[in-house]
There are 2 protein chains.
Amino acid sequence: MNEPDFIAALRSLPLHAGARGLMDDCAVLPLGSETLVITHDMMAEGTHFRADADMADVAWKLVATNLSDLAAKGAEPVGVLVGYMMGRDDARFIKGLHEALEAFGTPLLGGDTVAGAGPRAHGLTAIGRATHTPVPARSGAYPGDHVYLTGPVGRAMLGFEGVMEHRIAFDRPAPRLAEGQALAPYVTAMMDVSDGLLLDSFRIAEASGATLALDLEQIPVADPARAGQCLRWGDDYELLFTAPPSAILPVAAHRIGTVTPRADAPLTLGGELLGDPASLGYRHG
Amino acid sequence: MNEPDFIAALRSLPLHAGARGLMDDCAVLPLGSETLVITHDMMAEGTHFRADADMADVAWKLVATNLSDLAAKGAEPVGVLVGYMMGRDDARFIKGLHEALEAFGTPLLGGDTVAGAGPRAHGLTAIGRATHTPVPARSGAYPGDHVYLTGPVGRAMLGFEGVMEHRIAFDRPAPRLAEGQALAPYVTAMMDVSDGLLLDSFRIAEASGATLALDLEQIPVADPARAGQCLRWGDDYELLFTAPPSAILPVAAHRIGTVTPRADAPLTLGGELLGDPASLGYRHG
């Protein structure tokens with residue numbers, strides 16, 4: 001079974017209404033007077049981090065990537081549960097976990113450890129509470145809305161390649177928690193750019209039944225000479241969102257396009273149709 | 001680093017008050033008008049299941065063991081998030097997951113998958129809502145309380161060994177959800193017997209600062225000829241709890257002992273002191 005087939009099979013199981021059909025980054029769970037936002041993301045050696053990665057960075061990214069999903073929902077983190085496979089450099093993992101929890105003001109709620117052998121994978125569940133309802137989804141982009149991005153893409157790519165000033169963007173990304181909470185009341189759709197700007201734009205367009213017309217000239221990229229790659233690399237964790245033209249945004253953001261009625265493709269870039277998600281970014285299921 | 005050291009290091013991190021010092025099976029999180037109960041347990045090949053195990057049974061047990069932690073809190077399951085490493089027999093895993101979710105009336109909330117190689121580990125986060133507050137803990141056993149067990153121990157051991165009538169107890173354990181919810185208002189301490197009756201009794205005694213005096217003759221075991229092993233094997237998922245002598249219990253349970261003020265050891269069995277947890281059951285961290 002490959003991962004897309006497995007995920008399709010998961011979607012056929014009895015789903016909670018708050019699972020949003022497993023088409024969104026988080027589950028959204030109204031509970032009494034509050035609304036919970038919950039996500040669980042894993043990182044696997046070989047896929048998400050190199051076998052020689054500093055385990056402190058791995059722990060940091062495990063926290064940061066999950067909190068980034070909460071950020072895209074305008075949620076405030078409540079706590080995390082960690083699932084850890086024991087192996088090399090466990091003390092470094094603890095150190096990075098400690099640093100991330102402190103940096104993001106998020107306490108540990110629980111977790112579990114197991115013995116590991118061979119390539120390891122680690123999971124994290126992040127629990128947050130919505131600061132605004134309805135909780136932003138991928139699916140609300142509406143024709144006429146503007147498309148925005150909170151910051152440049154491509155920094156994580158350059159950091160991965162060893163460019164010193166961008167190393168931190170790859171090793172220690174920061175979830176845009178304050179921005180997500182400030183923006184939640186204004187956006188029609190929002191997600192974090194984890195798998196590449198083009199692919200994630202495609203996903204918003206698909207979920208919304210609209211087309212996102214992106215203006216290449218307006219997209220901030222870390223290296224203009226390699227714009228195509230910057231648009232396709234992930235791991236930057238900027239927020240991508242749509243909002244009505246009348247919205248006065250509380251956060252500085254780059255306007256990078258416009259939502260139109262569904263055209264021949266869900267995504268256009270400088271007028272060019274981009275219909276095949278396989279060419280748009282990083283897909284790891 | 002070994003697992004006890006790693007868990008000790010986790011306890012030194014910024015903890016949520018609801019994490020109960022990582023000394024309990026679940027986190028307990030008051031949220032608005034509700035109280036959430038959250039747990040994350042993993043199962044690893046080689047430790048928790050054999051390399052040739054039916055992945056449908058593995059999926060079932062992953063759900064059941066986490067829901068059993070909710071049962072011990074008197075919590076009603078809301079949903080689960082699964083963290084799955086891809087590998088052999090993925091379709092069997094889906095099948096077992098489906099069967100468990102249906103059997104326990106618990107929908108899927110979300111999850112993640114990653115590519116796996118070598119021995120795999122899978123995680124599950126179960127979210128529940130408390131049906132009674134204060135939520136039962138391990139720590140409330142009080143001198144004079146009676147000690148109870150909802151059913152026999154040792155069935156999973158016999159099932160593991162291949163005794164046909166007990167296979168289901170090992171392969172497809174059932175969390176005592178209804179019993180836990182019914183008992184929650186009456187108990188002073190409660191937990192599920194996952195790591196062996198003696199070890200889990202020791203844990204309640206330690207958490208409560210009391211001694212549990214167990215009466216060997218009164219403990220229901222699946223094979224009286226091997227009582228010592230039945231008391232030390234885990235995986236039965238019966239509920240172990242303490243309640244005042246005056247409590248009129250809504251669920252049939254075996255009275256197996258009495259709580260006394262802390263004596264020379266946290267646990268006695270037929271009058272014999274049992275002070276060394278290493279001899280009491282299954283410890284996998």
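Draft legend 1. Spotlight on the relation of the copies chain A and chain B. The transformation that overlays chain A on chain B combines an axial shift of 0.0 Å with a rotation of 180 degrees, and the residual RMSD is 0.0 Å. The two molecules are tied by a two-fold rotation axis, judged by turn and shift. Taking C-alpha positions as the reference, the residue of chain A nearest the rotation axis is Gly118 of chain A, at 2.7 Å. The fraction of interface residues of chain A whose copies in chain B are also interface residues reaches 100%, indicating that both copies meet through the same surface.

Draft legend 2. Spotlight on the packing of aromatic side chains. Throughout the structure, instances matching the rule amount to 16 aromatic pairs over all chains. Both rings, one in Tyr84 of chain A and one in Phe93 of chain A, keep their centres 4.2 Å apart while their planes meet at 35 degrees; by these two values the pair is tilted. When its relative accessible area of 0% is taken as the criterion, Phe93 of chain A is described as buried. A centroid spacing of 5.3 Å and a plane angle of 45 degrees characterise the contact between Phe160 of chain A and Trp233 of chain A, whose relative ring orientation is tilted. You can see Phe160 of chain A sitting in helix H4 (residues 155-160) and its partner Trp233 of chain A sitting in the loop between helix H8 (227-232) and strand S9 (239-243), a full 73 residues away along the chain. Residue class for Trp233 of chain A comes out partly exposed when judged on its relative accessible area of 25%. Linked through ring pairs, Phe6 of chain A together with Tyr84 and Phe93 of chain B together constitute an aromatic cluster.

Draft legend 3. Inspection of helix H2 (residues 55-71) of chain A at higher detail. All names here are of chain A. Here H2 is 17 residues long and its end C-alpha atoms lie 24 Å apart, about the 24 Å a rise of 1.5 Å per residue gives. Counting buried residues along H2, 17 of its 17 residues qualify, which places the element largely inside the surrounding structure. Measuring from the side-chain oxygen of the N-cap residue of H2 to the backbone nitrogen of Ala56 gives 2.8 Å; that N-cap residue is Asp54.

Draft legend 4. Region of the structure containing the sheet that holds strand S4 (residues 108-114) of chain A. The strand order across the open sheet built from 5 strands is S1-S2-S5-S3-S4 (chain A), with neighbouring strands paired in mixed fashion. In this open sheet, the two edge strands, each paired with only one partner strand, are strand S1 (27-31) and S4 of chain A. Taken over all neighbouring pairs, the strand axes of this sheet differ in orientation by 20 degrees on average, direction set aside. Two elements, strand S2 (residues 34-44) of chain A and strand S5 (residues 121-130) of chain A, share 9 bridges in a ladder whose sense is antiparallel. Bridging across to S5 of chain A, Leu36 of chain A finds its partner in Arg129 of chain A. Its contacts with the sheet put helix H1 (residues 3-11) of chain B on strand S3 (75-85) and S4 of chain A, and the angle it makes with S4 of chain A is roughly 170 degrees.

Calculation criteria
Residues numbered from 1 in each chain as written. Chains lettered and ligands numbered in written order. Predicted model: local features only at pLDDT ≥ 70, side-chain atom pairs only at ≥ 80, totals over all residues. Heavy atoms only, no water. Least-squares fit on C-alpha atoms with pLDDT ≥ 70 in both. Contact = heavy atoms within 4.5 Å. Phe/Tyr/Trp six-rings, centres within 6.5 Å; stacked < 30°, edge-to-face > 60°. Buried < 20%, exposed > 50% of the residue type's maximum accessible area, 1.4 Å probe, protein only. Helix = DSSP H or I, 4+ residues; strand = E, 2+ residues; numbered from the N terminus. Expected span 1.5 Å × (residues − 1). Polar contact = N/O pair within 3.5 Å; in protein donor to acceptor, adjacent residues only side chain to side chain. Pairing = 2+ DSSP bridges. Axes fitted to C-alpha atoms, helices over the stretch in contact; angles between N-to-C directions.

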